[in-house]
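# Chain and residue survey
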Amino acid sequence: MKQKHLHQPFELYISDPGDWEERILVYHFFEIVLILEGEGVREVNRNHFNYRAGDIFLFTPLDCRGFKSSMPTKFCSIRFAEVFLTAYRNQAERATVSGWLKQLEQLFYQHNRFEQFVIKDAADQFMVSSLIAHLVTEFERRQTYFEDNIQHLITLMLNTLVRNIAVPAQHRQALQEEEPLINRMLLHIKEHIASREQLSIANLARTFNLSANYVGEYFKKMTGESIQRYITVYKMRLVENKLQYSVSTISQIADELGFNDESHLSSQFKKFAGVSPAQYRKEKAQRAA
């Protein structure tokens, strides 16, 4: 299964029909899609649902999704990573938002497994459409504090979306039990990226009922790369995002992501990126100026 990653913590675009992506992909970011025109069928985690103009979808990291249009389709796509909503906040706020996003991720992911998401309340549907219009305006004008405004608009939108979902407890439990093993492993890595103990081969073997000798073989078979390489790249991408889009010091980033200290982070990052964290941050700031 091909995968798609986000190269910036926030992306927004309005597609032309020719831009429509029909391949089935596993995405590694949140995405809100508003169908502006067209009709067809969308696939989410092996479920198939019809779509039409006015429909709004929310996809979460690890959702596998794709579309097949029966009429030329135009849509607005809002894509963002967790780091975008936690950037520029203090430590307490970041912890709160991160926990809140994990709950939303699980709720939306499980919902997308068995039921089409529909905004049932007409007022809420109008509100979400209006929020998306404001997001587009803020993103295109890029005036002072536009990133702060986008953060708040997305938070409002997610709050509105989540209250339109009611997943029966028995469905949620059943789906968690049948979730593919590799998806559960990837989610475990994401949730525990700062913990060496949680990501050790011995603990992964215990957690997922595999032999220690088979963990690495299974992971590479399913993803195409070694588990250590995956963890390293995922952590380094988080470091890059935090260096570029947060005001956290290098020492704070090292602490947040489970490095021994700032020196350990710096040596690992230089091996990965070819420059020190400080130089990387400086170069990105100069390009953005």
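## A look at the pattern of salt bridges
By the definition in use, this model includes four salt bridges. In this structure, the salt-bridge partner of E256 is K242, at a minimum N-O distance of 3.2 Å. Pair noted here: E256 is in helix 10 (residues 250–256) and K242 is in helix 9 (residues 227–245), with a separation of 14 residues, a long-range link. Looking at E256, the relative accessible area reads 26%, which means it is partly exposed.

## Observations regarding the packing of helix 6 (residues 181–191) against helix 9
Contact pair helix 6 / helix 9: the axes reach a minimum separation of 11 Å and the direction vectors enclose 45°. The orientation of helix 6 relative to helix 9 falls into the category oblique. Where helix 6 crosses over helix 9, the handedness of that crossing is right-handed. Judged by residue contacts, M185, L186, I189 and K190 of helix 6 engage I227, Y230, I231 and Y234 from helix 9. Here the contact of helix 6 with helix 9 is composed, by residue class, of seven nonpolar, no polar and one charged.

## Some thoughts on the nonpolar core
Core analysis: the biggest nonpolar cluster contains 29 residues, and M185, I189, F219, I227, V239 and L265 have the highest contact counts within it. Taken together, the elements giving at least two residues each to this core come down to helix 6, helix 7 (201–207), helix 8 (212–223), helix 9, helix 10 and helix 11 (262–273). The leading source of residues in this core is helix 9, at six residues. Residues within four places of F219 in sequence aside, it is in contact with I182, M185, L186, I189, G224, E225, S226, I227 and Y230. With 28 residues, the next largest nonpolar core counts L12, V136, L158 and L161 among its residues.

## Focus on helix 6
By the criterion of burial, helix 6 is predominantly enclosed, with eight of the eleven residues buried. Within helix 6 the residues assigned to the buried category are L181, I182, N183, M185, L186, H188, I189 and K190.

## Some thoughts on the environment of L181
Mapped onto the elements of the fold, L181 is located in helix 6. L181 sits 38 residues away from F219 along the chain, and the two C-alpha atoms are 9.7 Å apart. Discounting residues that sit within four places of it in the chain, L181 has contacts with F208, L210 and Y218.

## Some words on unusual backbone geometry
Positive phi outside glycine occurs at R142, with the angle close to 50°. Its location among the elements puts R142 in the loop between helix 3 (122–141) and helix 4 (146–162). Using a relative accessible area of 48% as the deciding quantity, one classes R142 as partly exposed. If you check the backbone angles, N209 has positive phi at about 55° while not being a glycine.

## Observations concerning the side chain of N203
Within the secondary structure, N203 is located in helix 7. Of note is the side chain of N203, whose polar atom sits 2.8 Å from the backbone oxygen of Q198. If we ignore the near neighbours within four places in the chain, the residues touching N203 are H188, E197 and Q198.

## Quick notes on the environment of L161
Secondary-structure assignment places L161 in helix 4. With a relative accessible area of 0%, L161 lands in the buried category. As a C-alpha pair, L161 and I56 span 105 residues in sequence and 9.4 Å in three-dimensional space.

## What about the pairing of strand 6 (residues 56–59)?
Both faces of strand 6 are covered, namely the face carrying I56 and L58 and the face carrying F57 and F59. Here strand 4 (residues 30–44) pairs with strand 6 via four bridges, running antiparallel. Each bridged residue has a counterpart across the sheet, and for L34 the counterpart in strand 6 is I56.

Criteria and cut-off values
- Residues numbered from 1 in each chain as written.
- Predicted model: local features only at pLDDT ≥ 70, side-chain atom pairs only at ≥ 80, totals over all residues.
- Heavy atoms only, no water.
- Salt bridge = Lys/Arg side-chain N within 4 Å of Asp/Glu carboxyl O.
- Helix = DSSP H or I, 4+ residues; strand = E, 2+ residues; numbered from the N terminus.
- Buried < 20%, exposed > 50% of the residue type's maximum accessible area, 1.4 Å probe, protein only.
- Axes fitted to C-alpha atoms, helices over the stretch in contact; angles between N-to-C directions.
- Parallel < 35°, antiparallel > 145°, perpendicular 65-115°, else oblique.
- Left-handed = near helix turned anticlockwise from the far one by under 90°.
- Contact = heavy atoms within 4.5 Å.
- Nonpolar A, V, L, I, M, F, W, Y, C, P; charged D, E, K, R; others polar.
- Core = buried A, V, L, I, M, F, W, Y, C linked by side-chain atoms within 4.5 Å.
- Polar contact = N/O pair within 3.5 Å; in protein donor to acceptor, adjacent residues only side chain to side chain.
- Pairing = 2+ DSSP bridges.

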